[in-house]
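Commentary on secondary and tertiary structure
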Amino acid sequence: MAVSGQRRRPVVALYERIADAVHDGTYPPGSTLPSEPKLAAELGVSRPALREALLLLQEDGVLTVRRGVGRTVNDRPPRRGFEQVQPLEELIGGGAPLRVRALLRTVEEPTDFTTQHLLAPARAELRFWESVLSGEGAAAALSHEWAAADELLDRVHPEFAGALRRADADGHPAVSMLSVLVGASRETALGAHSGITATLLGRRRGDQLGRPADTPAVLVTQIVRVGEVPVLAAKHMLPTGAPALPVLQSH
């Protein structure tokens, strides 16, 4: 889905609402959506915005227009993939999101990684969250997440900055930083880039995940942006045996 710019953010949010309804079974595969006037009334949106969101869903293979029938949900709508900005605990948890256990919530100076990817100036103060994601009693992933400096967030994404401050005040609920970002971005378009490499856990990460140091693992680096400005950088370590990481591809 290629949608960007302030003008089209309501369409992005509407696209997500309808896509969520498809994936949670409100509109199951093979079902027919209500007519445009009825659906617009149900969702409380304008028909032009709804029509644009529906066209994007057709382009992405979620919906099909059938003459004499209307818009129907495809029998096999594409699964939402990693390039769609989504908290890791939901993405690899499938129907049951993984639990997030906070190991560390602190503020630190920029590292080489955050200087490069968050464009953080020397001596900036960056929030750093370290978490273990687990399901059914087994640790599935170790996440390191950094937010851009407050001064930058206040300018480009004040909702995210405010959500992080509330998390500080609430004693940090059991969620990931990416989950906080997604929850604060209903009207803000996000973009992200990820890289995936093979590695070994090493001693410290192995101890945190309850695995031997020489356990093979996948390291996912993720940079999330508002426009061209990076607001979150993360490293996710998934050891052998972790739930599968879906990656949606299209041509």
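See the structure above.
Overview of the structure.

Conventions adopted
- Residues numbered from 1 in each chain as written.
- Predicted model: local features only at pLDDT ≥ 70, side-chain atom pairs only at ≥ 80, totals over all residues.
- Heavy atoms only, no water.
- Helix = DSSP H or I, 4+ residues; strand = E, 2+ residues; numbered from the N terminus.
- Contact = heavy atoms within 4.5 Å.
- Polar contact = N/O pair within 3.5 Å; in protein donor to acceptor, adjacent residues only side chain to side chain.
- Expected span 1.5 Å × (residues − 1).
- Buried < 20%, exposed > 50% of the residue type's maximum accessible area, 1.4 Å probe, protein only.
- Arc of directions from axis to C-beta.
- Pairing = 2+ DSSP bridges.
- Axes fitted to C-alpha atoms, helices over the stretch in contact; angles between N-to-C directions.
- Parallel < 35°, antiparallel > 145°, perpendicular 65-115°, else oblique.
- Nonpolar A, V, L, I, M, F, W, Y, C, P; charged D, E, K, R; others polar.

What follows deals with the overall build of the protein. For the protein, the count of helices and strands is nine helices and eight strands. A sequence separation of at least 24 residues applies to 60% of the contacts in the protein between residues at least 6 apart.

Its place among the elements puts Glu130 in strand β4 (residues 126-135). A distance of 3.2 Å separates a polar atom in the side chain of Glu130 from a polar atom in the side chain of Arg204. Here the side chain of Glu130 touches Gln208 through a polar contact of 3.0 Å, side chain to side chain. Among residues more than four places away in sequence, those in contact with Glu130 are Arg101, Ala102, Leu103, Leu104, Arg105, Leu142, Ser143, His144, Arg204 and Gln208.

For helix α3 (residues 47-59), with 13 residues, the first-to-last C-alpha span of 18 Å sits near the 18 Å given by 1.5 Å per residue. Among the residues making up α3, those that are buried are Ala49, Leu50, Ala53, Leu54, Leu56 and Leu57. The arc enclosing the buried residues of α3, seen along the axis, measures out at 160°, which places them on a common side. In α3, the exposed positions angled more than 90 degrees off the buried face are occupied by Pro48 and Glu59. Its side-chain oxygen 3.3 Å from the backbone nitrogen of Ala49, Ser46 forms the N-cap of α3.

This next bit is on the side chain of Glu36. Position of Glu36 relative to the elements: it lies in helix α2 (residues 36-43). Given a relative accessible area of 14%, Glu36 falls into the buried group. In this structure the side chain of Glu36 is engaged in a polar contact, spanning 2.9 Å, whose partner is the side chain of Arg51. Apart from the residues lying within four places of it in its own chain, the contact partners of Glu36 are Arg47, Leu50, Arg51, Leu54 and Arg71.

The strand order across the open sheet built from six strands is β3-β4-β5-β8-β7-β6, with neighbouring strands paired in antiparallel fashion. Lying at the two open borders of the sheet, with one neighbouring strand each, are β3 (99-108) and β6 (191-200). Pairwise comparison of adjacent strand axes, ignoring direction, gives a mean angle of 15° for this sheet. Bridge count for strand β5 (residues 138-147) against strand β8 (residues 229-239) is six bridges, and the pairing is antiparallel. By the bridge assignment for β8, Glu145 is matched with Ala234. Sheet strands touched by helix α7 (residues 158-169): β4, β5 and β8. Its angle to β4, the strand with the most contacts, is close to 70°.

Describing two packed helices takes the angle between their axes plus the distance from one axis to the other. At their nearest, the axes of α2 and α3 sit 10 Å apart, and the two run at 105° to each other. Of the possible angle classes, the one that applies to α2 and α3 is roughly perpendicular. Taken together, the residues of α3 that come into contact with α2 (itself represented by Glu36, Pro37, Leu39, Ala40 and Leu43) are Arg47, Leu50, Arg51 and Leu54. By residue class, the composition of the contact of α2 with α3 is six nonpolar, no polar and three charged.

Take it as geometry only, folks, not as evidence of what the structure does.
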